[in-house]
Amino acid sequence: MAFTIHGLAVSQGIAIGHVHLVSHALLEVNHYHVAERYIAEEVARLNDAVATVHGELVGLKAATTLGQAHSEVGAFVDLQTMMLADPMLVDAARTLVEERRCNAEWALVQQMEHLVEQFDQIEDPYLRERKADVVQVVERLVKVLLGHPGHLPPKRRDGLGTIVVAHDLSPADTIGFRDHNIAGFITDVGGPTSHTAIVARNLSIPAVVGLHHVRHLVEEDELVIIDGTRGVVIVAPDQNIVEEYRLRRTELELERSKLNRLKDTRATTLDGEPIQLLANIEGPKDIATIRAVNADGVGLYRTEFLFIGRDTLPDEDEQFEAYRAVLKAMPGKPVTIRTFDVGADKALNTAEARFEPNPALGLRAIRYSLAEPQMFLTQLRALLRASVHGKLKIMIPMLAHANEIDQTLLLIDKARAELRAERIKFDESIDIGAMIEVPAAALSLGMFIRRLSFLSIGTNDLIQYTLAIDRSDEAVVHLYDPLHPAVLKLISGTIQAGVRFGMPVSVCGEMAGDPAYTQLLLGMGLRQFSMHPVNILEIKQQILRANLEELTPRVQRILRMDEQSKIREAMLKLGA
Ligand code: PEP
Ligand code: MG
């Protein structure tokens, strides 16, 4: 019998395919066979997880020593560290992976159950209770492993795709789907502006998140349909339903192909104002998509995708090639490359594991870069070297302090001096700009305008940090509101400051690619939008219908409102 589950729509489109469970609830892990040629990789995955958990425990222990955590925690941490080193746990699990060719999570849980049985037979109640420590250590390991799903299944032969079903997926997992014929994915947790959702949209993979217990409701290989536009998943549909959705998918494709006619039309408002439509990309693999929509350039190249989901960092030459490829593909057009925004949900495999009480407020983006100056310098050198191949602009994420800007500029100067000494050519007049994505930045624009050449508003983080809403937590997603008067004030204030001081300002957060906000942003004075290439033609259609003379005074009235309900009402009248 078919049934329907409702979640949060994060990536449009319809996918029909068979379920592949990549992770289960903690300790209810999936069991799958690992082909012999991948066994060494699977063992390495287990070893990496052990190293990460060891780092977490060391961090926790340090916190107890410094008095930042209860001292009793220290004793548990010691016990868990001992369990982690016990050959009866990890060594035995490793042997299971090798001998039974199974996945690491399953091997760990098998071994844990075996040990728990032995503990249950112990008479001494204190020792018997120590089984809880084994379980907790395995929980920690499984949690780490779930962030790195094992091998995805081979391409199916029945023409239907694979639908990945997971508790959660990291952005690194999602970017890996590109090469695996993944038709769509659904997860228990997650929010629509999480980096995972952003990657899905960029890859045009339909996705629904925040489904709570979807892993318990579907079975491996079961047929499901994802309606990524409505946020609905249909499990075990009958043939009639499948046909209906096939039809709907064809209609959507038809709509898209109609939009394709706008590809070579200039984005100009009805009253003749030209608008720049730029693309957000994750790497050279997106070149074909930006060309297909004839974007005016790249407004945001998220370079961290070159760094995450791998065990070694890309060296200067590898980075140079990736940046050069994009610059060369866009002759005469601006390419804004953002220095790596790692940390939080885009953690590096190579990073020293640390206990982070609140990762979104921790060592992320420019904070990480300045804490790792050598790694940052390598990227800056690669960027400068690539600059002779096109019109490069360098953008810095998450700046909030004048000294962060100054330190960054000093490092760029250092990279320039090194290259000059090595007689390596680079463009001497590269524009350096900042992302405005922390409220502190939006409220102190003078220090950015005095030091830099352009600004780009990252609405995803600006909203997250203004409203104190974790953008990847579905439990608070209803509070993530781009139309909150505080958010609107910060966005319009930044755009207006740009107009006043003659500094180019773009928006590169998800708001720029959402047609619901095009008129609003135009009325605020925005003339540069950067978004996933897949949204460019739809936004162009909105721009072609807009009349700035009419819009501007109406938007100014909205900006004076401080009640969300009134703003929503006025937005409806705006035709959004
Ligand atoms: C943003 O925060 O709006 C942004 C564009 O950056 P990211 O989504 O990569 O954090
Ligand atoms: Mg951001």
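### Details of the overall build of the protein
Move 1: When helices and strands are counted, the protein shows 23 helices and 16 strands.
Move 2: Against the compact-globule benchmark of 25 Å for 576 residues, the protein has a radius of gyration of 25 Å, which places it among compact chains.
Move 3: If one aligns the C-alpha atoms of the protein with their principal axes, the spans along those axes are about 85 × 65 × 50 Å.
Move 4: At a minimum sequence separation of 6, the contacts of the protein that also span at least 24 residues come to 71%.
Move 5: For the protein, the exposed area adds up to about 25,300 Å²; of that, 52% sits on carbon and sulfur atoms.
Move 6: Across the protein, the centroid of the 61 positively charged side chains sits 9 Å from that of the 77 negatively charged ones.

### Considerations on the packing of aromatic side chains
Move 1: Considering all chains together, one arrives at three aromatic pairs under this definition.
Move 2: Here Tyr 301 and Tyr 323 contribute two aromatic rings whose centre-to-centre distance is 5.9 Å and whose plane-to-plane angle is 80°, an arrangement assigned as edge-to-face. Placement of Tyr 301 in strand 10 (residues 298-302) and of Tyr 323 in helix 12 (residues 316-329) is noted, with a sequence separation of 22 residues between them.
Move 3: Every member of this aromatic cluster is reached through a ring pair, and the members are Phe 307, Phe 340 and Phe 376.

### As for the site of ligand 1
Move 1: In the vicinity of ligand 1 lie 17 residues, with His 195, Arg 302, Arg 338, Asn 460 and Arg 471 positioned nearest.
Move 2: Interatomic distance of 3.1 Å between a backbone N/O atom of Thr 459 and an oxygen atom of ligand 1.
Move 3: Within the complex, 100% of the 290 Å² of free accessible area of ligand 1 lies under protein.
Move 4: Of all elements in the fold, only helix 8 (195-202), strand 10 and helix 18 (459-467) reach the threshold of two or more residues within the shell around ligand 1.

### Digging into the coordination of the magnesium ion (ligand 2)
Move 1: Surrounding the magnesium ion (ligand 2) are the protein donor atoms Glu 437 (OE) and Asp 461 (OD), at 2.0 to 2.1 Å. One end of the pair, Glu 437, is in the loop between strand 13 (431-436) and helix 16 (439-442); the other, Asp 461, is in helix 18, with 24 residues separating them in the sequence.

### Looking at the side chain of Thr 459
Move 1: Structurally, Thr 459 can be placed in helix 18.
Move 2: Here Thr 459 is in contact with Tyr 480, Ile 491, Val 507, Gly 509, Glu 510 and Met 511, once residues within four sequence places are set aside.

### With respect to the sheet that holds strand 4 (residues 161-166)
Move 1: In spatial order, the strands read 1-8-7-3-4-5-6-2; together these eight strands make up an open sheet with mixed pairing. Either end of the sheet is taken by a strand with one partner, and the two such strands are strand 1 (3-6) and strand 2 (8-11). The average undirected angle you get between the axes of adjacent strands in this sheet is 30°.
Move 2: The strands touched by helix 8 are strand 2, strand 5 (182-187) and strand 6 (207-209); relative to strand 2, the strand with the most contacts, the crossing angle is about 55°.

### Some remarks on the packing of helix 4 (residues 104-120) against helix 6 (residues 131-146)
Move 1: Contact geometry for helix 4 and helix 6: axes closest at 10 Å, N-to-C directions at 175°. In this view, helix 4 runs roughly antiparallel relative to helix 6, as classed from their interaxial angle. In this structure, helix 4 uses Ala 104, Glu 105, Leu 108, Val 109, Met 112, Leu 115, Val 116, Phe 119 and Asp 120 to contact helix 6, whose residues at the interface are Lys 131, Val 134, Val 135, Val 138, Leu 141, Val 142, Leu 145 and Leu 146.
Move 2: Class assignment for the residues of the contact of helix 4 with helix 6 results in 14 nonpolar, no polar and three charged.

### Some points on the packing of helix 12 against helix 14 (residues 373-386)
Move 1: Closest axis-to-axis distance for the helix 12/helix 14 pair is 8 Å, and the angle between their directions is 40°. Our classification of the angle between helix 12 and helix 14 gives oblique. In this structure, helix 12 crosses over helix 14, and the sense of that crossing is right-handed. Contact residues: helix 12 offers Glu 316, Asp 317, Gln 319, Phe 320, Tyr 323, Arg 324 and Leu 327, while helix 14 offers Thr 378, Gln 379, Arg 381, Ala 382, Leu 383, Arg 385 and Ala 386.
Move 2: Its residues placed into classes, the contact of helix 12 with helix 14 shows six nonpolar, three polar and five charged.

### Focus on the domain arrangement of the protein
Move 1: Along its sequence, the protein is organised into domain 1 (3-23 + 151-238), domain 2 (25-146) and domain 3 (264-574).
Move 2: Each of domain 1 and domain 3 was reduced to a C-alpha centroid, and the two centroids are 27 Å apart.
Move 3: Each partner contributes residues to the interface: domain 1 has 21 residues there, and domain 3 has 22 residues.
Move 4: Counting the surface lost from both domain 1 and domain 3, the interface buries some 1,900 Å², and carbon and sulfur atoms represent 56% of this.
Move 5: Broken down residue by residue, the surface that domain 1 buries against domain 3 is led by Thr 193, His 195 and Asn 202, which jointly contribute 35%.

### What about the pattern of salt bridges?
Move 1: Under the criterion given, the structure shown has 29 salt bridges.
Move 2: For Glu 510, the salt bridge goes to Arg 201, with nearest N and O atoms at 2.7 Å. Placement of Glu 510 in the loop between strand 15 (505-507) and helix 20 (518-524) and of Arg 201 in helix 8 is noted, with a sequence separation of 309 residues between them.
Move 3: Residue classification places Glu 510 among the buried positions, given a relative accessible area of 13%.
Move 4: With a closest N to O distance of 3.7 Å, Asp 341 and Lys 346 form a salt bridge.
Move 5: One continuous salt-bridge network, built from bridges that share partners, spans Glu 304, Arg 338, Asp 341, Lys 346, Arg 364, Asp 461 and Arg 471.

What counts, and at which threshold
- Residues numbered from 1 in each chain as written.
- Chains lettered and ligands numbered in written order.
- Predicted model: local features only at pLDDT ≥ 70, side-chain atom pairs only at ≥ 80, totals over all residues.
- Heavy atoms only, no water.
- Helix = DSSP H or I, 4+ residues; strand = E, 2+ residues; numbered from the N terminus.
- Rg over C-alpha atoms; globule rule 2.2 N^0.38 Å.
- Contact = heavy atoms within 4.5 Å.
- Areas by Shrake-Rupley, 256 points an atom, 1.4 Å probe, with all protein chains shown as cover.
- Lys, Arg positive; Asp, Glu negative; His and termini not counted.
- Charge placed at Lys NZ, Arg CZ, Asp CG, Glu CD.
- Phe/Tyr/Trp six-rings, centres within 6.5 Å; stacked < 30°, edge-to-face > 60°.
- Near = heavy atom within 4 Å.
- Polar contact = N/O pair within 3.5 Å; in protein donor to acceptor, adjacent residues only side chain to side chain.
- Donors = N, O, S within 2.8 Å, 3.2 Å for Na, K, Ca; no water.
- Pairing = 2+ DSSP bridges.
- Axes fitted to C-alpha atoms, helices over the stretch in contact; angles between N-to-C directions.
- Parallel < 35°, antiparallel > 145°, perpendicular 65-115°, else oblique.
- Nonpolar A, V, L, I, M, F, W, Y, C, P; charged D, E, K, R; others polar.
- Left-handed = near helix turned anticlockwise from the far one by under 90°.
- Domains from an automatic or database assignment.
- Buried area = accessible area lost by both parts, 1.4 Å probe.
- Salt bridge = Lys/Arg side-chain N within 4 Å of Asp/Glu carboxyl O.
- Buried < 20%, exposed > 50% of the residue type's maximum accessible area, 1.4 Å probe, protein only.

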